[in-house]
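Given next are the chains, with one letter for each unit.
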Amino acid sequence: MKLILLGPPAAGKGTQAEGIAERYALAHISTGDMLRAEIALKTPLGIEAKNLIDEGNLVPDEIINAMVSNRIRQDDCANGFLLDGFPRTLPQAEVLSELTDIDAVIDIEVDSEIIIRRSAARRVCRDCRHTQSVSGDEAGEVRCEKCGGELYQRADDTEERMRHRLEVYHESTEPLIRYYTERGLIIGIDGSKSIPEVAEQIFACLDAIANKQ
Ligand code: AMP
């Protein structure tokens, strides 16, 4: 299967992507993770992307399109892949449509105020990049639930940045819902529920698609 995960920032795309990729043996392609890896390595691309990401703005389409078109040609994508955070603009969707066909677009729908609350609690592991939620009291002490690594808050997850990212999402990414609805590909998922409940909704829809293939 070739899938896209769509939804506002902090809707739970990364968390759900881990479960989906494992269940259907898909390559998990997160453009955000790819960019953060470039930043950590201080590559020219990473240096160019860092400020844009920290400010909550999008990285230019040409950079992202080149990155994804190289990535989906790699061997581990032969059995299918899950795009997490791509496309984020109509030009990116157009380029993707020239590269490959997509089987479904999972749109995780979450209200903006829930997003703001979730992003304030969101932490990422420095070692394995797993994302988890922490409560206010434990925020300083807690370690990664997967590998025990140190957790940090992304610079783009503060309330002010998240409000800006939501504006960028409404302006640039939300039009993709209509684009993929017109192509009969959208699966709407209620992302306000708990992580297992959201996963259950997604798996029910994807099992039906996988069984038809
Ligand atoms: P994410 O981890 O998906 O929330 O992405 C973090 C940041 O990386 C975004 O806020 C953008 O600055 C950048 N980014 C990730 N994917 C894309 C994309 N498809 N197009 C443009 N910028 C992106």
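Because the structure is a prediction, the values reported are computed rather than measured. (Residues numbered from 1 in each chain as written. Predicted model: local features only at pLDDT ≥ 70, side-chain atom pairs only at ≥ 80, totals over all residues. Heavy atoms only, no water.)

For the chain, the count of helices and strands is nine helices and eight strands. Computed over its C-alpha atoms, the radius of gyration of the chain comes to 17 Å, within 12% of the 17 Å expected for a compact globule of 213 residues. Here the C-alpha coordinates of the chain stretch approximately 45 × 40 × 35 Å along the principal axes. Residues classed as buried in the chain amount to 45% of the 213 residues present. Sequence-distant contacts, at least 24 apart, represent 72% of the contacts inside the chain between residues at least 6 apart. Entry remark: accessible area of the chain is about 10,900 Å², with carbon and sulfur atoms responsible for 49%. On the chain, the mean spot of the 25 positive side-chain charges and the mean spot of the 38 negative ones are 2 Å from each other. (Helix = DSSP H or I, 4+ residues; strand = E, 2+ residues; numbered from the N terminus. Rg over C-alpha atoms; globule rule 2.2 N^0.38 Å. Buried < 20%, exposed > 50% of the residue type's maximum accessible area, 1.4 Å probe, protein only. Contact = heavy atoms within 4.5 Å. Areas by Shrake-Rupley, 256 points an atom, 1.4 Å probe, with all protein chains shown as cover. Lys, Arg positive; Asp, Glu negative; His and termini not counted. Charge placed at Lys NZ, Arg CZ, Asp CG, Glu CD.)

We now examine the sheet that holds strand 5 (residues 122-125). Across a sheet, strands are paired by hydrogen bonds formed along the backbone, either parallel or antiparallel in direction. Spatial strand order, 6-5-7: three strands in an open sheet with antiparallel pairing. Only two strands of the sheet have a single partner each, and these edge strands are strand 6 (131-133) and strand 7 (151-152). In terms of strand pairing, strand 5 meets strand 7 through two bridges, oriented antiparallel. Bridge pairing in strand 7 links Cys125 to Leu151. Strands strand 5 and strand 6 of the sheet are contacted by helix 6 (residues 112-121), whose axis makes an angle of about 40° with strand 5. (Pairing = 2+ DSSP bridges. Axes fitted to C-alpha atoms, helices over the stretch in contact; angles between N-to-C directions.)

As a further point, take the packing of helix 1 (residues 13-23) against helix 9 (residues 195-212). Where helix 1 meets helix 9, the closest approach of the two axes is 10 Å, and the angle between their N-to-C directions is 40°. In terms of axis orientation, helix 1 runs oblique to helix 9. The two elements helix 1 and helix 9 cross, and the hand of that crossing is right-handed. Counting all contacts with helix 1, which are made through Thr15, Gln16, Gly19, Ile20 and Arg23, the residues of helix 9 involved are Ile195, Val198, Ala199, Ile202, Phe203, Leu206 and Asp207. Grouping the constituent residues of the contact of helix 1 with helix 9 by class yields seven nonpolar, three polar and two charged. (Parallel < 35°, antiparallel > 145°, perpendicular 65-115°, else oblique. Left-handed = near helix turned anticlockwise from the far one by under 90°. Nonpolar A, V, L, I, M, F, W, Y, C, P; charged D, E, K, R; others polar.)

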